[in-house]
Amino acid sequence: MRPVHFGLAALIVVVFLIGYLEPQVALTDFDPKRDAAFRDTWNTRVHIAYWEKWASFEGEACQKMVEAFNKSQDEVFVHYIQTSQVDRKTVLSTVGGAPPDLVGVWDNNVIPFAEGGALAPLDDFMRESGLTDDHYIPKYLELCRYRGKTYALPTAVMSGALFWNKEHFRRKAADLRAAGLDPDRPPRTIEELDRYAAVLNEFNADGSPGIMGFLPTEPGWWNHAWGYYFGGNLADPKTGRLTADDPANVRAFLWAKRYAEAYGREKLLRFRAGFGTFDSPFNAFIEGKVSMEYQGVWFPMFIRRHRPHMEFGVAPFPCAAGVPGPRSYLEEDVIAIPRGAKHPKEAWKFIYFAQTQGLPILGRLQGKHLALAATPPGFREGHPNLELKVFEDLAAAPHSFIAPRVIVWQEYRDRVARAFEHVWNWPVPEGPLAGLTGAARQAKVDALCREEIEETLHEVTVTMQAKLDRARALDTRRAGRAAP
Amino acid sequence: MKDTRRRHLAGYAFILPWLIALMVFIGYPFLAGFYFSFCDYPPLKSPLFIGADNYLELLGDGIFHRSLGVTFIFAAVAIPLGVLLALVLAMFLNARIRGQSFYRVIYYVPHLVPTVVVAVLWLWIFNPDFGLLNIVLKGLLGPVDRWTSVFFDLKAAAARGNFLRPGAAALLVAPALALAAFGSAGQALARRAASVAGFLRFVSVLAIALAAVAVVNAGLGFLSPADMKELHSPGWLANGNPMPAAVPFAPSWALWALVVMSMWGVGQMAVIYLAKLQDVPTELYEAADIDGANWWNKARHITIPMISPVILFNVVMAIIGTFQVFAEPYIMTQGGPEDKTRFVAMFVYDQAFQYQRVGYASAVAWVLFLIIVALTVLAFKATSKHVYYAGR
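Residues numbered from 1 in each chain as written. Chains lettered and ligands numbered in written order. Predicted model: local features only at pLDDT ≥ 70, side-chain atom pairs only at ≥ 80, totals over all residues.

## Things to note about the overall build of chain A
So, point 1. Secondary structure assignment for chain A yields 18 helices and 12 strands.
So, point 2. Along the first, second and third principal axes, the C-alpha atoms of chain A reach 95 × 60 × 55 Å.
So, point 3. Relative to its full complement of 484 residues, chain A shows a buried share of 43%.
So, point 4. By sequence separation, contacts in chain A at least 24 residues apart represent 74% of the contacts at least 6 residues apart. (Helix = DSSP H or I, 4+ residues; strand = E, 2+ residues; numbered from the N terminus. Buried ≥ 20, exposed ≤ 12 C-beta atoms within 10 Å, placed from the backbone. Contact = placed C-beta atoms within 7 Å.)

And the structure:
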């Protein structure tokens, strides 16, 4: 045998030997300290993987829920695996035929994943376990469903409210009273919010903003949803057609645009560019650069983390005059079993545990409320989110809303958000304003902006409706091809 | 004969693993991508053939057009700047000075820093309030404005009014001084008292530079007041306005920020230039010295022609690299403000992974591929008469 052949043969032997001698998965491969309690049952359990997005204290909360499950029985052991971009990895692993047993994704993944057959329906499991619809707040359960089937169940929830800086309100108490406003309470309508904001604004000597009472672009995560607070909707719930150009959405965009025009696009741009990241003491609200802000149920935990003694209040975000409220945008994280998971029954055991016993652990440690219709006794006692009640009420409020349940939602949301950004930055042409002053000028600015907003939102509606129709037609074609 | 065949077979056997990997990991995706570009293909479903629909949709997709525009504008600015900066850097690094190796390492090190780290680092550098860049700009432009104000009224310039101050006449001293120093009088002085003439020339160059700073600052303040105002403390990544404002298709401030940041990696390009620079035969320079050539003549007629193949190589690599820019804008701006930093690679990513449209993304990727091929061919054709290959 020539040396080169001998070398190749030796290499192959070594590779196989390494594969053969690779030690079996052992308790010590994980966290020996944390998992020591399971030493006796370690090798008799079914081990399943749970991919979830949360890190930091929110990840630890998930880990605690998982540990509670692992302690509650001795047949299944769930491994919590913190996974960034968990939605994309779920798609790739499912397509590749090697998904984990459990995934924690977002509610907006449910439709595309279910449509593509990436998620296992949970209805049979629910029936067998006696888990019924009335266990949940209906809108949160609706986010888990598609075409009458349940493909996921809620974990962490989102509801949003108005956060107001009580220190700023107190400091400007006299001015607020002079303007006919009560400094001891937050605004109750959008119109009132604008008046509060105008009094709370503070400007530097050069005219640049020092503190803004309110900014519709802060934090900028829900710019697509402002229309709902003006009575609008992004899709017709009856026909399913997209309605970005709903007159109420136009009003909402115009309301936001007035801020840009009143305080100067460029100045606000510079002002916002100096804000720190969300989870930092330089967060605009935490640092005191913005007096009022729309934020989610998690926010009090972050405020107390970075400024433990900050005095702030939370209230339902006001609606425009005549629009029924209170209302909140509802979103959630969901847990699901991917198609092709090796241990669906064991995975369901964990989901069932989470839905019946685990969610309170998660909710308390993440500082959130629950998606459950009935809050378990003791959940609220000692809850770290002292403003919990406001969010619980909003979650159950009849006028609270969820995103349209359409397959193109992610692109649609991005397009509406992009339209918002375009309108915000759109420079009002000076030509038609020449010679106009005061109210006449303002009316003309409004008219010009309204025209631009209507055109922009109409374009979004037409483009996205065409995409939605096309997606539906292609699915029909695909289904027709598969049928024979 | 049999022996030759055996040798060939052995050769193929050795390259077989690489060939298999090439076919599986590059060849197959390449061809599959071409097929998928004619399909509707959400990754969780089977591909459905739809003909040229994806390509037709591209024709009317405004976001795709914008992202392509951003990529082209970035390429048009960043590639020449990068190539030029790297060339100048390489020439400096080629100089025989103490600590030459140290400088070479220092300039190459940034290239070794991971992209994500670089992006996060530059996010801080570009922060309008606390960023290093704006602090430096403020420190630099403050004295410049004060100096300019001696001769020009900057506020009047910004308002497009008469901005000349009586003191502006004093700026004429600089060209007069230069004329005296470098003119016939200066040459006569140089013959009699070289050190005095040298000092005079130094002073005149300094005066010209200082006068130029004031004139340029005031001139730009008059021609483009909005840009000059913004330059004193730019919003960088948050600012989607074009710079210069008056130039159509000018890059936005946010895109300029990415251009500035892309210069961070020119060290790698410079090292390639440097390798070739050291390959230029010294006898050519000696011959030029004998002919009385100055620094510029030598650079123009010897250095640049001799390293032209490497310049072409760097340009082609930069073209390819520019059309693949993704990580930096994805981390720093997510394509904003208003798509002003949405590169075409980000568009592909959004379509494939955000909106589950692998077929459409494949069509964009193929268009991108054809553009890169076309630009590369164009680069070769356009430079065929200017690139010197010593071996031919």
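Having put the structure on the table, let's press on.
## Things to note about the domain arrangement of chain A
The figure often quoted for interface size is the accessible area lost as the parts come together.
Residues and elements named next belong to chain A.
So, point 1. When cut into domains, chain A gives domain 1 (22-157 + 331-385) and domain 2 (160-327 + 402-470).
So, point 2. On a C-alpha basis, the centroid separation for the pair domain 1 and domain 2 is 35 Å.
So, point 3. Counting residues at the interface gives 13 residues for domain 1 and 10 residues for domain 2.
So, point 4. For the side of domain 1 that touches domain 2, the secondary structure elements donating two or more residues are α5 (110-115) and α7 (138-142).
So, point 5. The biggest single contributor to the side of domain 1 that touches domain 2 is α5, with 3 residues. (Domains from an automatic or database assignment.)

## Quick look at the pairing of strand β2 (residues 76-82) of chain A
All names here are of chain A.
So, point 1. One ladder, built from 7 bridges, connects strand β1 (residues 46-52) with β2; its direction is parallel. Paired with Val46 across the bridge in β2 is Val76.
So, point 2. Read from β1 through helix α3 (residues 56-72) to β2, the crossover connection turns out right-handed. (Pairing = 2+ DSSP bridges. Right-handed = clockwise from strand over helix to strand, strands pointing away.)

## Re helix α18 (residues 358-383) of chain B
Residue and element names in this part refer to chain B.
So, point 1. Under the 1.5 Å per step criterion, the end-to-end length of α18 is 37 Å for 26 residues, consistent within 8% with the ideal 38 Å.
So, point 2. Three or more residues of α18 are buried, namely Val358, Gly359, Tyr360, Ala361, Ser362, Ala363, Val364 and Ala365.
So, point 3. On its buried face, α18 sits against α1 (2-36), β1 (39-40), α2 (53-59), α3 (62-93) and α17 (344-354). (Expected span 1.5 Å × (residues − 1).)

## Some remarks on the interface of chain A and chain B
So, point 1. Listed per partner, the contact involves 22 residues of chain A and 19 residues of chain B.
So, point 2. Going through the elements one at a time, α4 (86-95), α5, α12 (265-273), α17 (409-425) and α18 (438-482) of chain A are the ones with two or more residues in the side of chain A that touches chain B.
So, point 3. A class-by-class count of the residues in the side of chain A that touches chain B yields 8 nonpolar, 7 polar and 7 charged. (Nonpolar A, V, L, I, M, F, W, Y, C, P; charged D, E, K, R; others polar.)

## Some words on the domain arrangement of chain B
Residues and elements named next belong to chain B.
So, point 1. When the domains of chain B are assigned, the result is domain 1 (62-127 + 251-343 + 374-392) and domain 2 (129-233).
So, point 2. Averaged C-alpha coordinates put domain 1 and domain 2 at centres separated by 30 Å.
So, point 3. Tallying the contact residues gives 5 residues for domain 1 and 6 residues for domain 2.

## Comments concerning the packing of α3 of chain B against helix α13 (residues 266-277) of chain B
Residue and element names in this part refer to chain B.
So, point 1. For the pair α3 and α13, the least separation of the axes is 8 Å and the interaxial angle reads 55 degrees. Relative to α13, the element α3 lies oblique. As α3 runs across α13, the sense of the crossing is right-handed. In this structure, α3 contributes Gly82, Leu85, Ala86, Leu87, Leu89, Ala90 and Leu93 to the contact, and α13 contributes Val266, Met269, Ala270, Tyr273, Leu274 and Leu277.
So, point 2. Considered class by class, the residues forming the contact of α3 with α13 number 12 nonpolar, 1 polar and no charged. (Axes fitted to C-alpha atoms, helices over the stretch in contact; angles between N-to-C directions. Parallel < 35°, antiparallel > 145°, perpendicular 65-115°, else oblique. Left-handed = near helix turned anticlockwise from the far one by under 90°.)

## Overview of the sheet that holds strand β6 (residues 153-158) of chain A
Residues and elements named next belong to chain A.
So, point 1. An order of β2-β1-β3-β12-β6 is seen for the 5 strands of this open sheet, with the pairing classed as mixed. With partners counted over all chains shown, the strands left at the sheet margins are β2 and β6, one partner each. Taken pair by pair, the neighbouring strands of this sheet meet at an average axis angle of 20 degrees, ignoring direction.
So, point 2. Where β1 meets strand β3 (residues 102-106), 2 bridges bridge the pair, whose relative direction is parallel. Bridge pairing in β3 places Trp51 opposite Val103.
So, point 3. Along the sheet, helix α15 (residues 344-366) contacts β1, β2, β3, β6 and β12 (331-336); its crossing angle with β6, the most-contacted strand, is approximately 15 degrees.

## Some remarks on the sheet that holds strand β9 (residues 209-214) of chain A
In a beta sheet, neighbouring strands pair by backbone hydrogen bonds and run either parallel or antiparallel.
Residues and elements named next belong to chain A.
So, point 1. Strand order in this open sheet of 5 strands is β8-β9-β10-β7-β11, and the pairing throughout is mixed. If you trace the sheet from one side to the other, it starts and ends with β8 (202-203) and β11 (312-315), each paired once.
So, point 2. Note: β9 against strand β10 (residues 290-296), 2 bridges, orientation parallel. Following the sheet pairing, Met212 is matched in β10 by Val290.

## Considerations on the confidence of the model for chain B
So, point 1. The predicted model of chain B averages 89 in pLDDT, with 99% of residues at 70 or higher.
So, point 2. Two numbers describe this predicted complex: its pTM, 0.86, and its ipTM, 0.83. (pLDDT = per-residue confidence, 0-100.)

## Here we look at the nonpolar core
So, point 1. Membership of the largest hydrophobic core comes to 187 residues, with the highest contact counts inside it found for Val110 of chain A together with Ala270 of chain B.
So, point 2. The element best represented in this core is α3 of chain B, accounting for 11 residues.
So, point 3. In contact with Val110 of chain A, other than residues within four places in its own chain, are Leu143, Cys144, Tyr146, Tyr151, Ala152 and Val334 of chain A.
So, point 4. Phe151, Phe152, Leu177 and Ala218 of chain B belong to the second largest nonpolar core, which has 11 residues in total. (Core = buried A, V, L, I, M, F, W, Y, C linked by C-beta atoms within 7 Å.)

## Thoughts on the packing of α3 of chain A against α15 of chain A
Between two packed helices, what matters for the description is the angle formed by their axes and the separation of those axes.
All names here are of chain A.
So, point 1. It is the contact of α3 with α15, at a shortest axis distance of 9 Å, that shows an interaxial angle of 140 degrees. Classified by the angle between their axes, α3 and α15 sit oblique to one another. For α3 against α15, the interelement crossing comes out right-handed. Facing Glu58, Glu60, Ala61, Cys62, Lys64, Met65, Ala68, Phe69 and Ser72 of α3, the residues of α15 in contact are Phe350, Phe353, Ala354, Gly358, Ile361, Leu362, Leu365 and Gln366.
So, point 2. For the contact of α3 with α15, a count of residues per class yields 11 nonpolar, 3 polar and 3 charged.

## Considering the pairing of β12 of chain A
Residue and element names in this part refer to chain A.
So, point 1. Of all the 6 residues making up β12, 6 are buried; the element is thus mostly covered by neighbouring parts of the structure.
So, point 2. Residue alternation in β12 divides its side chains into two sets, Glu331, Asp333 and Ile335 and Glu332, Val334 and Ala336, and both sets are buried.
So, point 3. Bridge count between β3 and β12: 4 bridges; the pairing is antiparallel. Residue Trp106 lies in a different strand from β12, and its bridge partner there is Asp333.
So, point 4. Sheet topology note: the β6/β12 ladder contains 4 bridges and is antiparallel. Directly across from Pro154, in β12, lies its bridge partner Val334.

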